[in-house]
Amino acid sequence: MRHPTWDDIRRFCEVDDWTPTHLKRGRKRRDHDRFQKTLADGRILRTRASHGRAEIGDPALVTRILRHQLEVTVEEFWDAVDNGNPPVRPSKTATTPEEAAPAHRLEDWLAVQLAITVGLSDTEIGALTQESGMEAWTEWLERHRQGEEG
Amino acid sequence: MSEILAFHKAKAGFSNVYDTVEQAGLRVVGRRKSEPIALVLRDELVDLYAREYPFTTHMTRSDGQVSIWLDNFDIYGQGESIPEAVEDLIDEVEEYVAHWEEQLRHAPNHASRFGWVRRIQLAGNNRTDIQQAIFPPPADLVTR
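Residues numbered from 1 in each chain as written. Chains lettered and ligands numbered in written order. Predicted model: local features only at pLDDT ≥ 70, side-chain atom pairs only at ≥ 80, totals over all residues.

Across the contact, 34 residues belong to chain B and 32 residues belong to chain A. Sorting the residues of the side of chain B that touches chain A by element identifies strand 4 (57-62), strand 5 (65-70) and helix 4 (82-102) of chain B as the ones contributing at least two each. The element contributing the most residues to the side of chain B that touches chain A is helix 4 of chain B, with nine residues. Classifying every residue of the side of chain B that touches chain A gives 15 nonpolar, 12 polar and seven charged. (Contact = placed C-beta atoms within 7 Å. Helix = DSSP H or I, 4+ residues; strand = E, 2+ residues; numbered from the N terminus. Nonpolar A, V, L, I, M, F, W, Y, C, P; charged D, E, K, R; others polar.)

This part covers helix 3 (residues 74-83) of chain A. Residue and element names in this part refer to chain A. Taken together, the buried positions of helix 3 are occupied by Glu76, Phe77, Ala80 and Val81. For helix 3, the angular spread of the buried residues around the axis is 130°, confining them to a single face. With respect to the buried face of helix 3, the exposed residues turned more than 90 degrees away are Asp82 and Asn83. Where helix 3 is buried, its residues contact helix 1 (6-15) and helix 2 (59-70). One or two residues past the end of helix 3 sits glycine 84, with phi positive at roughly 75°. (Buried ≥ 20, exposed ≤ 12 C-beta atoms within 10 Å, placed from the backbone. Arc of directions from axis to C-beta.)

Residue and element names in this part refer to chain A. The three strands are arranged 1-2-3 in an open sheet whose pairing can be described as antiparallel. The open sheet has two edge strands with one neighbour each: strand 1 (19-21) and strand 3 (44-50). On average, each strand axis in the sheet is inclined to that of its neighbour by 35°, with strand direction left out of account. Sheet topology note: the strand 1/strand 2 (residues 32-38) ladder contains three bridges and is antiparallel. Directly across from threonine 19, in strand 2, lies its bridge partner glutamine 36. In the packing of helix 1 onto the sheet, the strands contacted are strand 2 and strand 3, and the crossing angle to strand 3 comes to about 145°. (Pairing = 2+ DSSP bridges. Axes fitted to C-alpha atoms, helices over the stretch in contact; angles between N-to-C directions.)

Residues and elements named next belong to chain A. In this sheet, strand 3 lies alongside strand 2 in antiparallel orientation, the contact comprising seven bridges. By the bridge assignment for strand 3, arginine 34 is matched with arginine 48. The turn joining strand 2 and strand 3, which pair antiparallel and follow one another in sequence, is formed by five residues; a positive phi near 95° is taken by glycine 42.

Looking now at unusual backbone geometry. Of note, A:Asp17 is a non-glycine position whose phi angle comes to about 60°, a positive value. In this fold, A:Asp17 is placed in the loop between helix 1 and strand 1.

Turning our attention to the packing of helix 4 of chain B against helix 6 (residues 127-134) of chain B. Residue and element names in this part refer to chain B. One way to put it is that helix 4 packs onto helix 6 with a least axis distance of 10 Å and a crossing angle of 100°. In terms of orientation, helix 4 and helix 6 fall into the roughly perpendicular class. Of helix 6, the residues touching helix 4 (which contributes Val86, Ile90 and Val93) are Arg127, Ile130 and Gln131. Per-class residue counts for the contact of helix 4 with helix 6 are four nonpolar, one polar and one charged. (Parallel < 35°, antiparallel > 145°, perpendicular 65-115°, else oblique.)

None of the figures reported here should be taken as evidence of function without further support.
Below you can see the structure in the form of structure tokens.
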């Protein structure tokens, strides 16, 4: 599949008449452009585009953005970007997420705990199986409990 | 069974209302021409919503970027490491909930997400609690 850039997302939003929006919380992160579109049936679509011009890269993320945020097929997306033709909704075909390399072989909660609570690097987490990851997590819990009791 | 406490009485004796909720777990307050409200222990709601509205994520890696897609809000976080992607996702979750409270709750494709929104609202501004809500360890492996 051809890989879109963040500029392509911005171009699509322009062609499909999306409205630029601002952060609701006024938080620190302003490194994205944000857009939303209200459809005729009242549904509201929303998306964001990084200020960088690089390709989005992750094929699974791209297909989820197209399918769930923009609600278009791949063909409709590129027809809008390349030819300026906005899509006709509802879209005819759902876009199936492409395969992407999983970030690890663990359940997501375990990878997050090992990364943030235990402090393992992504490389170390990538080398773990679910079983060895659980061992690392339970060993950390045990040390943590002993530390609290001591 | 607890009676509906009139608003003016609740307002005048809110300390007593608070004590009642701590002891009995619930107090209902009513005001003329308004829906009654229920004051309950937060942790009861946290547990209830956690059972009924689990979050689902998909974490992938490509070109040195970690991406985490959150099915329940159709949003994602990205970063050069898992912690960075989690931080970005939590920012997006807070932004989504703020947008939901302001506008999205009226939209047909967002209104039914209230259960997951409640879970984030119940966490207040505590990012650790939001992280725990989205990526919960099994109940028998909780650190606290």
